[in-house]
Amino acid sequence: MQKIGLIGYGSMGSMLIDAFLSSQILKQEEIIISTRTQTKLELLKQRFPKIQTVKDNRLLAKECKILFVCVEPMEVKRILDEIRKEVSRELHLVSIAACVTIEYLESVFNGKVTKVIPSVTSEVGFGVSLICHNSKVGSEDALVVESLFNAIGSIKVIKEKHFEIAADLTSCAPGLISAIFLEYIKASLPYSDFSPSDTEDMLVSTFYGTAKLMQERNLGFNEIIKRVATSGGITERGVEVLRKGLPSLFDSLFKNTLEKHGEIKGVLKTQFNSNLRTDL
Ligand SMILES: NC(=O)c1ccc[n+]([C@@H]2O[C@H](COP(=O)([O-])OP(=O)(O)OC[C@H]3O[C@@H](n4cnc5c(N)ncnc54)[C@H](OP(=O)(O)O)[C@@H]3O)[C@@H](O)[C@H]2O)c1
């Protein structure tokens, strides 16, 4: 049986395995995985004994029809060079690495390529996975990959040129939102005896409730503000402060994150350029 392979059992590799199995879109028997640190695979085997684990990425590449590359962006080229002679022409390569473009991947692998940026929130079945396929991915192959990610949240198939800003709004957002909330908590502390963790509990519960209310009642952010910020009231005063101060902060946030995307892509371009385009 040709399998679904993963190279890299880190934060995202482990999240994907947990999510694919708990959503029942995949069975343990359908998965094969390799990673750098073998002890990690031993622990995985204790949890999921029917998952096939292998020590050698090349061995894994031979066995699978879809291969998820779940390693750090700077490792992707090395992995592709390592496995390129072992894979079949029919392999569907799925890279989840930030800033590794389809063009870079195609410079090493001249076959079916999909770029996906998942979100850590898929661990609990929510969040958006961003997807873009190359021209060699037919509708059936596209559907298979899209179904996997649909099972663990929602998907958005986008043009590759939109990946950077879309990633800032999806996969980066849990980190960015957490940083915003930590400042919210910090600024409130001088006004009470609440501990940071009490304050965090209050905010998380309110944040979760707000998202649930929006989803279940089909409300937008403006409607939520209208429901809470009564005219001449306290929330209205706070919203005014945020509307004045936040635009320049978010401008700076996007300028910086987009610049960083560019920097990483530049380094990766040098790595991938050293490779001549070669058919497998
Ligand atoms: N974290 C996110 O929210 C997120 C969201 C979207 C996309 N991504 C992308 O997902 C990718 C993985 O991110 P991550 O957060 O999961 O990173 P991570 O926790 O550092 O995991 C990377 C994994 O790759 C393994 N690895 C590295 N080189 C390898 C090699 N030569 N052979 C086999 N395995 C190798 C590492 O193994 P060892 O642990 O044994 O060293 C590690 O388990 C990155 O490219 C990132 O851009 C991440």
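Just so you know, these numbers come straight off a predicted model, no measurement behind them. (Residues numbered from 1 in each chain as written. Predicted model: local features only at pLDDT ≥ 70, side-chain atom pairs only at ≥ 80, totals over all residues. Heavy atoms only, no water.)

Topic: unusual backbone geometry
Now for step 1: Backbone geometry places Gln-24, a non-glycine residue, at a positive phi of 65 degrees.
Now for step 2: The class for Gln-24 is exposed, based on a relative accessible area of 69%.
Now for step 3: The backbone of Asn-218 shows a phi angle near 55 degrees, a positive value even though the residue is not glycine.
Now for step 4: Secondary-structure assignment places Asn-218 in the loop between helix H9 (196-216) and helix H10 (221-228).
Now for step 5: You can call Asn-218 exposed: its relative accessible area is 68%. (Buried < 20%, exposed > 50% of the residue type's maximum accessible area, 1.4 Å probe, protein only. Helix = DSSP H or I, 4+ residues; strand = E, 2+ residues; numbered from the N terminus.)

Focus on the nonpolar core
Nonpolar side chains in soluble globular proteins tend to end up buried together.
Now for step 1: Judged by nonpolar contacts, the single largest core of 34 residues is most densely connected at Leu-67, Val-76, Leu-80, Leu-93, Val-100 and Phe-272.
Now for step 2: The element contributing the most residues to this core is helix H4 (residues 73-83), with 4 residues.
Now for step 3: Beyond its immediate chain neighbours, meaning those up to four positions away, Leu-67 contacts Gly-5, Leu-6, Ile-7, Leu-60, Ile-83, Leu-91, His-92, Leu-93 and Val-94.
Now for step 4: Counting residues in each nonpolar core, the second largest holds 27 residues, with Ile-4, Leu-6, Leu-44 and Val-145 among its members. (Core = buried A, V, L, I, M, F, W, Y, C linked by side-chain atoms within 4.5 Å. Contact = heavy atoms within 4.5 Å.)

Structural notes on the packing of aromatic side chains
Now for step 1: Under the counting rule described, the total for this entry stands at 6 aromatic pairs.
Now for step 2: Members of the aromatic cluster, connected to one another through ring pairs, are Phe-20, Phe-68 and Phe-149.
Now for step 3: The aromatic ring of Phe-163 is capped on one face by Lys-115, whose charged end is 4.6 Å from the ring centroid. (Phe/Tyr/Trp six-rings, centres within 6.5 Å; stacked < 30°, edge-to-face > 60°. Lys NZ or Arg CZ within 6 Å of the ring centre and 35° of its normal.)

As for the UniProt feature "binding site: NADPH" (unreviewed entry) in the protein chain
Now for step 1: Here, UniProt's "binding site: NADPH" (unreviewed entry) annotation points to Asn-57.
Now for step 2: Residues within four places of Asn-57 in sequence aside, it is in contact with Ile-7, Ser-34, Ile-79, Glu-82 and Ile-83. (UniProt positions renumbered as here; feature names shortened; annotations may be inferred.)

Some points on the domain arrangement of the protein chain
Now for step 1: Each assigned domain of the protein chain is listed here: domain 1 (3-160) and domain 2 (173-264).
Now for step 2: Contact with domain 1, which involves 6 residues of that partner, is made by 4 residues of domain 2.
Now for step 3: Summing the contributions of domain 1 and of domain 2, the shared interface buries around 360 Å²; its carbon and sulfur component is 81%.
Now for step 4: Contact with domain 2 buries area across many residues of domain 1, yet Met-74, Cys-99 and Phe-126 alone supply 70% of it, more than any other trio.
Now for step 5: Linking domain 1 to domain 2 there are 0 salt bridges.
Now for step 6: Inspection of the region where domain 1 meets domain 2 yields 0 residue pairs in polar contact (both at pLDDT 80 or more).
Now for step 7: Among the residues making up the side of domain 1 that touches domain 2, the classes are represented as 4 nonpolar, 2 polar and no charged. (Domains from an automatic or database assignment. Buried area = accessible area lost by both parts, 1.4 Å probe. Salt bridge = Lys/Arg side-chain N within 4 Å of Asp/Glu carboxyl O. Polar contact = N/O pair within 3.5 Å; in protein donor to acceptor, adjacent residues only side chain to side chain. Nonpolar A, V, L, I, M, F, W, Y, C, P; charged D, E, K, R; others polar.)

Notes on the sheet that holds strand E6 (residues 112-117)
Now for step 1: Taking strand neighbours across the sheet as the criterion, the 8 strands line up as E3-E2-E1-E4-E5-E6-E7-E8 in an open arrangement whose pairing is mixed. One side of each edge strand has no neighbouring strand; the edge strands of this open sheet are strand E3 (52-53) and strand E8 (154-157).
Now for step 2: Note: strand E4 (residues 64-69) against strand E5 (residues 92-95), 4 bridges, orientation parallel. Across the sheet, Leu-67 pairs through a bridge with Leu-93, a residue of E5. (Pairing = 2+ DSSP bridges.)

Notes on the UniProt feature "binding site: NADP(+)" (unreviewed entry) in the protein chain
Now for step 1: Sites flagged by UniProt as "binding site: NADP(+)" (unreviewed entry) map to Ile-7, Gly-8, Tyr-9, Gly-10, Ser-11, Met-12 and Thr-35. Over a stretch of 29 residues, the named residues converge on one spot in the fold, their C-alpha atoms separated by at most 12.2 Å.
Now for step 2: For Tyr-9, the position within the fold is in the loop between strand E1 (3-7) and helix H1 (11-22).
Now for step 3: Relative accessible area serves as the criterion here: at 12%, Tyr-9 is assigned to the buried category.
Now for step 4: Not counting chain neighbours up to four residues away, the residues in contact with Tyr-9 comprise Ser-14, Ile-17, Ile-33, Ser-34, Thr-35, Lys-40, Leu-44 and Arg-47.
Now for step 5: Apart from the residues lying within four places of it in its own chain, the contact partners of Met-12 are Ile-96, Pro-118, Ser-119 and Val-120.

Let's talk about H9
Now for step 1: Helix length check: H9 (21 residues) gives 30 Å between terminal C-alpha atoms against 30 Å at 1.5 Å per residue, within 8%.
Now for step 2: Restricting attention to buried positions, one finds in H9 the residues Thr-199, Leu-203 and Met-214. The arc that holds the buried residues of H9, viewed along the axis, is 30 degrees, so those residues lie on one side. Residues Asp-201, Ser-205, Tyr-208, Gln-215 and Glu-216 are exposed on H9 and point more than 90 degrees away from its buried face.
Now for step 3: The secondary structure elements touched by the buried residues of H9 are helix H8 (173-188) and H10.
Now for step 4: In the stretch just after H9, Asn-218 is the one whose phi turns positive, near 55 degrees. (Expected span 1.5 Å × (residues − 1). Arc of directions from axis to C-beta.)

Looking at the site of the ligand
Now for step 1: Met-12, Arg-36, Thr-37, Lys-40 and Val-71 are the nearest of the 23 residues found near the ligand.
Now for step 2: The contact in question runs from an oxygen atom of the ligand to an N or O atom on the backbone of Ser-11, over 2.9 Å.
Now for step 3: In this structure, Thr-37 approaches the ligand through a side-chain N or O atom, which is 2.4 Å from an oxygen atom.
Now for step 4: Its free accessible area being 900 Å², the ligand has 80% of it covered by the protein chains.
Now for step 5: Elements that contribute at least two residues to the shell around the ligand include exactly H1 and H4.
Now for step 6: Across the shell around the ligand, the residue classes tally to 12 nonpolar, 7 polar and 4 charged. (Near = heavy atom within 4 Å. Areas by Shrake-Rupley, 256 points an atom, 1.4 Å probe, with all protein chains shown as cover.)

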